[in-house]
Amino acid sequence: MKWKVQYPNGNVEYYSPSEVQLIMKGCQLRNHKGVAQKIFNGGEKVVCAWVLCDSIVINTNKFLQLDTYCHRIKYNPRVQPNWLLNGEVVDNQKYEQIGSVDFGLYKII
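Notes on the structure follow. Since this is a predicted model, take the numbers as computed values, not measurements. All residue numbers here refer to positions counted from 1 along the written sequence of the relevant chain. Predicted model: local features are reported for residues with pLDDT of at least 70 only, side-chain atom pairs are reported and counted for 80 or more only, and whole-chain, interface and lining totals are derived from all residues. Heavy atoms throughout the structure, all of them, feed into the side-chain values; hydrogens and water do not.

What follows deals with the pairing of strand β3 (residues 21-31). Put simply, side chains in a regular strand alternate between the two faces of the sheet. Among the eleven residues in β3, eight count as buried, and that is most of the element. Following DSSP output, two strands are said to pair if at least two bridges run between them. In DSSP terms, a helix is any run of H or I states spanning at least four residues, a strand is any run of E spanning at least two, and both are numbered starting from the N terminus. Alignment of β3 against strand β4 (residues 49-59), held across ten bridges, turns out to be antiparallel. Within β4, the residue paired with C27 across the bridge is C53. Sheet analysis places β3 next to strand β8 (residues 94-101), joined by five bridges and oriented antiparallel. Considered in β8, the bridge of C27 is made with Y95. Exposed residues in this analysis have more than 50% of their type's maximum accessible area, buried residues have under 20%, and partly exposed residues fall in between, with area computed by a 1.4 Å probe over protein chains only.

Here N92, not a glycine, exhibits a phi torsion of approximately 70 degrees, which is positive. N92 gets classed as partly exposed once you look at its relative accessible area, which sits at 31%. Positive phi outside glycine occurs at D102, with the angle close to 50 degrees. With respect to the helices, strands and loops of the structure, D102 is situated in the loop between β8 and β9 (104-107).

Right under this line is the structure:
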């Protein structure tokens, strides 16, 4: 799996989660609820969730250790067809900043 970053001008770039850290600002958690529900019910797993953001910084060194002091945002439609933060559904919620650590996303405090 790679992080897909799509820019407003249509450009698309892919990044290895172990080689970069994404810091996103002005974020909203989005998903295709119908597709997520089909996956939850046993259907084929396809991309059905994304983070909209106003801006993004792609770090290639000096990563922030977000997993040590920030809350993890989870999304796995096989387990539950919603974005989760501390066990609460947060579909469509907006956050000032979200960052990545490997394959995980974290709400930056």
